Every structure is written in C-alpha cells, then in structure tokens.
Amino acid sequence: GTEDGFVTTWYDQSGNGNNATQATAANQPKIVSSGTLVTENGKAAMDFDGTDDYLFNTSLTIAGGTDAPMSSLVVGTSNNVTLSQRLYGFGDNVSFNPFTDLLFNASNISYRKRSSSGTLKSTNGSTTLVNNTQYLFSTFTAGTTIDLYLNSAAEISAGDIDVPPLSINQFGIGALLFGPSVGGYMNGTIQEQIFYASDQSANRTGIEANINDYYNIYP
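Source: prediction; values computed, not measured.

## Notes on the overall build of the protein
Okay, step 1: Within the protein one finds one helix and 23 strands.
Okay, step 2: Relative to the compact-globule value of 17 Å for 219 residues, the protein shows a C-alpha radius of gyration of 16 Å, a close match.
Okay, step 3: Taking the principal axes of the C-alpha coordinates as reference, the protein spans close to 50 × 40 × 35 Å.
Okay, step 4: Counting every position in the protein, which comprises 219 residues, the buried fraction comes to 47%.
Okay, step 5: The long-range fraction of contacts in the protein, counting pairs at least 24 apart against all pairs at least 6 apart in sequence, stands at 65%.
Okay, step 6: Split by element, the accessible area of the protein, about 9,500 Å² in all, is 47% carbon and sulfur.

Right under this line is the structure:
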C-alpha cells in the first residue's frame, strides 16, 4: 500500500527485556513511508521527526557513578546537524537531575553526566558532522573518564565525568527524559543502539567492525 508505518516497540535483543516503547501515535518514529521501508544505506532505519518522536523505557534502573562503567554504540544519521539532538538519554522520572546523555550537532559530539545536586560534567569531541550521513558513535566509560569515537577512527575526546553517584530510572531513544519533561529530539534516523554495563574499550575495534560489516558505514 501507500500508508505510513510507525514503531510502537523496539525490542531489546539482549534477552534482558529492556524494550523501548511509545504508545502515543503522534510521538512514534516512522519505519514505513508511503508504503516503503525507511532505510539508510540499504538497511532498515527508524525516522525521528525532530519535534516529538521518541521511544522510552521507565523500568530500567541504572545506579552508580565513578565506579559504574558503561559502553554504548549507536548508528545514526541526522537530517539537520545544525540542531543539537540526542541519540539517547538516561534520566530520573521525578527530578530534572540526575541524567546522562549522548548528543551532537554539526561540530561537536558530547557525552554529559549531571548529578542529583546539579553537578554537570561534559566531554566534547570537536568534529564536523554532515547532513544525511550515516555515523557510528561509540562511548566507553571507565572510572572517571569517558572516551568518544566516531566511525572507529582515532579517539576524538577523552574527559573527566567524575560526579556524585547517579540513580536513574528511565531511558529515552532519540531524546532525553528528565523529570516529567522530554527534550533534545533526534532529527533523522537511528538504526542500532548497543549498551554494555561495563567498559568494553578492550573489545572496541572488534565490536565496531562487526557493526560496520553489516551497515557498511565507513571504509
């Protein structure tokens, strides 16, 4: 047909059941446009409109601070890199603090952590991003530092994220959920998000190569 199709649930493939959902039709990312599957580089993609589309999980609990490592790998493409937009964000469902998120614009990729007391640490990787270009964003936290990589190239940033321990209970794909609010909507497509509750930097190149073998993002 010629109808549009939208995503209500992005199922967690890890076996942990951490699915991301969206029951409100107006806020669902598009997966089929006018009867045609949305794709980037020939692979299925979810299209976020940059206004109000996002998926979320409100039963995912993440606790810790400097002693809680995490690794993330995200495949995303922006339609408008002049906007500051989030690939994902973890937050608290009551308070605007704490949170942690990965966001980018045309010239920077930033990983941020804000404690319950409002202490904010941000690691910014200066780089030039281009509209309608597929990228692999990788982050690895260990101890008090965060390392950022783009397309498995040389590290673009390493910085201090030492803040008081976080206790976070909601997660957004394509936006940050903080307190009762949602913001920083993704304008473009997201194809994959992988998270580890550990520092996987020792395995980084192998994981990135596996992702690139499928999506063919970079040479």
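## What about the pairing of strand S16 (residues 134-142)?
A regular strand places its side chains so that they alternate between the two faces of the sheet.
Okay, step 1: A large share of S16 lies buried, amounting to eight of its nine residues.
Okay, step 2: Summarising the sheet, strand S11 (residues 71-78) and S16 pair through seven bridges and their orientation is antiparallel. The residue bridging valine 74 from the neighbouring strand is phenylalanine 137, located in S16.
Okay, step 3: What sits between S16 and strand S17 (residues 145-150) in their antiparallel hairpin is a turn of two residues, with glycine 143 showing a positive phi close to 65°.

## Things to note about the packing of aromatic side chains
Okay, step 1: For the structure on display, the rule yields twelve aromatic pairs.
Okay, step 2: Measuring from centroid to centroid gives 6.1 Å for tyrosine 54 and tyrosine 185, while their planes differ by 45°, and the two rings are tilted. Note that tyrosine 54 is positioned in the loop between strand S8 (46-49) and strand S9 (55-57) and tyrosine 185 in the loop between strand S22 (181-183) and strand S23 (187-196), a separation of 131 residues in sequence. Here the two residues tyrosine 54 and tyrosine 185 agree in accessibility, since each one is buried.
Okay, step 3: Joined through ring pairs, the aromatic side chains of Tyr88, Phe90, Phe171 and Phe195 make up one cluster.
Okay, step 4: Taking NZ or CZ as reference, lysine 43 lies 4.2 Å from the ring centre of tyrosine 214, over its face.
Okay, step 5: Between arginine 204 and the ring centre of tyrosine 149, over which it is positioned, the NZ or CZ distance is 3.8 Å.

## A few points about the side chain of threonine 141
Okay, step 1: As for its position among the elements, threonine 141 is in strand S16.
Okay, step 2: Judged by relative accessible area, threonine 141 falls into the buried class, the value being 4%.
Okay, step 3: For threonine 141, the side chain forms a polar contact with the main-chain nitrogen of methionine 70, separated by 2.5 Å.

## Side note on the pairing of strand S4 (residues 30-33)
Okay, step 1: Sheet analysis places strand S1 (residues 5-6) next to S4, joined by two bridges and oriented antiparallel. Bridging across to S4, phenylalanine 6 finds its partner in lysine 30.
Okay, step 2: Judged from the two bridges that link them, S4 and strand S5 (residues 36-37) form a sheet pairing that is antiparallel. When the sheet's bridge partners are listed, serine 33 is paired in S5 with threonine 36.
Okay, step 3: Connecting S4 to the antiparallel partner S5 that follows it, the hairpin turn spans two residues, and serine 34 within it adopts a positive phi of roughly 50°.

## Focus: the nonpolar core
Okay, step 1: In terms of nonpolar packing, the biggest core is built from 30 residues, with Leu87, Tyr88, Phe104, Ile109, Tyr111, Leu129 and Phe137 touching the most fellow members.
Okay, step 2: Elements with a contribution of two residues or more to this core: S8, strand S12 (85-91), strand S13 (99-104), strand S14 (108-114), S16, S17, strand S19 (166-168) and strand S20 (170-173).
Okay, step 3: If you look at the next biggest cluster of nonpolar residues, it comprises ten residues, including Tyr149, Ile211, Tyr215 and Ile217.

## Side note on unusual backbone geometry
Okay, step 1: With an omega of 5°, the peptide bond running from asparagine 97 to proline 98 counts as cis.
Okay, step 2: At serine 34, a residue that is not glycine, the phi angle is positive and equals roughly 50°.
Okay, step 3: Following the sequence through the fold, serine 34 ends up in the loop between S4 and S5.
Okay, step 4: Despite not being glycine, serine 152 shows a phi value in the positive range, around 60°.
Okay, step 5: On the secondary structure map, serine 152 appears in the loop between S17 and strand S18 (157-160).

Definitions and cut-offs
- Residues numbered from 1 in each chain as written.
- Predicted model: local features only at pLDDT ≥ 70, side-chain atom pairs only at ≥ 80, totals over all residues.
- Heavy atoms only, no water.
- Helix = DSSP H or I, 4+ residues; strand = E, 2+ residues; numbered from the N terminus.
- Rg over C-alpha atoms; globule rule 2.2 N^0.38 Å.
- Buried < 20%, exposed > 50% of the residue type's maximum accessible area, 1.4 Å probe, protein only.
- Contact = heavy atoms within 4.5 Å.
- Areas by Shrake-Rupley, 256 points an atom, 1.4 Å probe, with all protein chains shown as cover.
- Pairing = 2+ DSSP bridges.
- Phe/Tyr/Trp six-rings, centres within 6.5 Å; stacked < 30°, edge-to-face > 60°.
- Lys NZ or Arg CZ within 6 Å of the ring centre and 35° of its normal.
- Polar contact = N/O pair within 3.5 Å; in protein donor to acceptor, adjacent residues only side chain to side chain.
- Core = buried A, V, L, I, M, F, W, Y, C linked by side-chain atoms within 4.5 Å.

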